[in-house]
Amino acid sequence: MRIVVLLGAPGSGKGTIAGRLAASDALLRHVSSGDLLRDAVRRQTAAGVEADGYMRRGELVPDGLIARMVGDLTVGVDSACTLLLDGFPRTVAQAGMLDATVASCGASFGPVVLLEVPDAMLVERIAGRRGCPACGAGYHVTNIPPAREGLCDVCGTGLVVRKDDNPETVRNRLAVYRTQTMPLIDFYGARDHLRRVDATGPIDEIVVRVRQTLA
Ligand code: ADP
Ligand code: ZN
């Protein structure tokens, strides 16, 4: 098993890129901490009830909750698979948890792919983001428009704006990224795991660039 991390600010396209990569490679599994948490909130599990307020405010949920959620990340996963982590780790403490998981299951680790996008573009991407509440497909009003306005291409459900995509919460998420997640750039850079990718331009081209770092 191999574990690869996608690192980048909110709006940098982690979920979109990971989704594309996983769709074209049966051995690549996309694991999104945000999707796992939103699913827990929807199902009102104990973890979901605890996470909800933090997520609405654009804060990180406590590391303890993440530890429980990702503790069994590799359980039952075929050894031929690559796990593509999107949204985890987000703090240096979480990177330590991941190290422990990697060590205990004998997985190989890396690279950590940093999706680089200018700040102004992050805000624009998040403002136009829409998602399908039924199947999870992601869209953008101008960059990735659905065929029929406001409706999911996959299942026809009405698209929604995520609760934490309002301007005030977005500002907070970007600040949290800078203070709590950006230290991981140096953390993984020092271990020579970091690969920087220009995450602007056509999505297909970004996917190609990221795929090259995984080869
Ligand atoms: P984005 O990367 O666009 O901010 P995500 O879907 O990855 O969106 O995360 C949404 C929210 O879920 C975060 O703002 C945070 O509250 C919570 N979250 C997701 N992953 C983690 C994590 N690894 N640690 C703490 N909180 C997390
Ligand atoms: Zn859908």
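Residues numbered from 1 in each chain as written. Chains lettered and ligands numbered in written order. Predicted model: local features only at pLDDT ≥ 70, side-chain atom pairs only at ≥ 80, totals over all residues. Heavy atoms only, no water.

Peer 1: I keep staring at the overall build of the protein chain and nothing clicks. Help me out?
Peer 2: Across its full length, the protein chain holds nine helices and seven strands. The C-alpha radius of gyration computed for the protein chain amounts to 17 Å, which stays within 12% of the reference 17 Å derived for 215 residues, consistent with globular compactness. If you line up the protein chain on its principal axes, its C-alpha atoms span 45 × 40 × 35 Å. Evaluated residue by residue, the protein chain yields a buried proportion of 44% over its 215 residues. Residue pairs in contact within the protein chain that sit at least 24 positions apart in sequence constitute 69% of those at least 6 positions apart. (Helix = DSSP H or I, 4+ residues; strand = E, 2+ residues; numbered from the N terminus. Rg over C-alpha atoms; globule rule 2.2 N^0.38 Å. Buried < 20%, exposed > 50% of the residue type's maximum accessible area, 1.4 Å probe, protein only. Contact = heavy atoms within 4.5 Å.)

Peer 1: Just checking my understanding: could you explain helix 9 (residues 203–214) for this structure?
Peer 2: An α-helix turns once every 3.6 residues. As a result, residues three or four positions apart point the same way. End to end, helix 9 covers 17 Å across twelve residues, agreeing with the expected 16 Å (1.5 Å per residue, within 8%). What helix 9 keeps buried is the set Ile206, Val207, Val210 and Leu214. Around the axis of helix 9, the buried residues are gathered within 100 degrees of arc, so they sit on the same side. Counted as exposed and oriented over 90 degrees from the buried face of helix 9: Asp204 and Gln212. Buried residues in helix 9 make contact with strand 1 (2–7), helix 1 (14–23), strand 4 (108–116), helix 6 (119–127) and strand 7 (194–198). (Expected span 1.5 Å × (residues − 1). Arc of directions from axis to C-beta.)

Peer 1: Please explain the packing of helix 6 against helix 7 (residues 167–181) as it appears in this structure.
Peer 2: Each pair of packed helices gets described by two things: the angle between the helix axes and the distance between those axes. The geometry of helix 6 relative to helix 7 is characterised by a closest axis approach of 11 Å and an angle of 135 degrees between their N-to-C directions. As far as their axial angle goes, helix 7 and helix 6 are oblique. Of the two possible hands of crossing, helix 6 and helix 7 adopt the one that is right-handed. Residues Asp119, Leu122, Val123 and Ile126 of helix 6 touch helix 7, and the partners they reach there are Val170, Arg173, Leu174 and Arg178. Considering only residue class, the contact of helix 6 with helix 7 consists of five nonpolar, no polar and three charged. (Axes fitted to C-alpha atoms, helices over the stretch in contact; angles between N-to-C directions. Parallel < 35°, antiparallel > 145°, perpendicular 65-115°, else oblique. Left-handed = near helix turned anticlockwise from the far one by under 90°. Nonpolar A, V, L, I, M, F, W, Y, C, P; charged D, E, K, R; others polar.)

Peer 1: In this structure, what is going on with the coordination of the zinc ion (ligand 2)? I would like to understand it.
Peer 2: Coordination of the zinc ion (ligand 2) by the protein comes from Cys132 (SG), Cys135 (SG), Cys152 (SG) and Cys155 (SG), over a distance range of 2.3 Å. Seen from the zinc ion (ligand 2), its four donor atoms lie at angles of 99 to 122 degrees, and the figure they make is tetrahedral. Sequence spacing among the residues donating to the zinc ion (ligand 2) works out to C-x2-C-x16-C-x2-C. Residue Cys135 is located in the loop between strand 5 (129–131) and strand 6 (138–140), and its partner Cys155 is located in the loop between strand 6 and helix 7; the two are separated by 20 residues in the primary sequence. Judged by relative accessible area, which is 39%, Cys135 ranks as partly exposed. Its relative accessible area of 37% is what places Cys155 among the partly exposed residues. (Donors = N, O, S within 2.8 Å, 3.2 Å for Na, K, Ca; no water. Tetrahedral: all angles 85-135°; square planar, octahedral: opposite > 155°, others 65-115°.)

Peer 1: Sorry, what's going on with the side chain of Thr91 here?
Peer 2: With respect to the helices and strands, the residue Thr91 is situated in the loop between strand 3 (82–86) and helix 5 (92–105). Setting aside residues up to four positions removed in sequence, Thr91 forms contacts with Leu60, Asp63, Gln180 and Leu184.

Peer 1: Looking at this structure, I do not really get the packing of aromatic side chains. What am I missing?
Peer 2: Geometry of an aromatic ring pair is reported as the spacing of the ring centres plus the angle between the planes. A complete count under the given rule lists two aromatic pairs for this structure. Plain terms: the ring middles of Phe187 and Tyr188 are 5.0 Å apart, the flat faces sit at 85 degrees to each other, and that makes the pair edge-to-face. Residue Phe187 is classed as partly exposed on the basis of its relative accessible area of 23%. With relative accessibility at 0%, the residue Tyr188 sits in the buried group. Among the aromatic residues, those joined into a cluster by ring pairs are Phe109, Phe187 and Tyr188. For the cation-ring pair, Arg57 lies above Tyr54, with the distance from its terminal atom to the ring centre recorded as 5.3 Å. (Phe/Tyr/Trp six-rings, centres within 6.5 Å; stacked < 30°, edge-to-face > 60°. Lys NZ or Arg CZ within 6 Å of the ring centre and 35° of its normal.)

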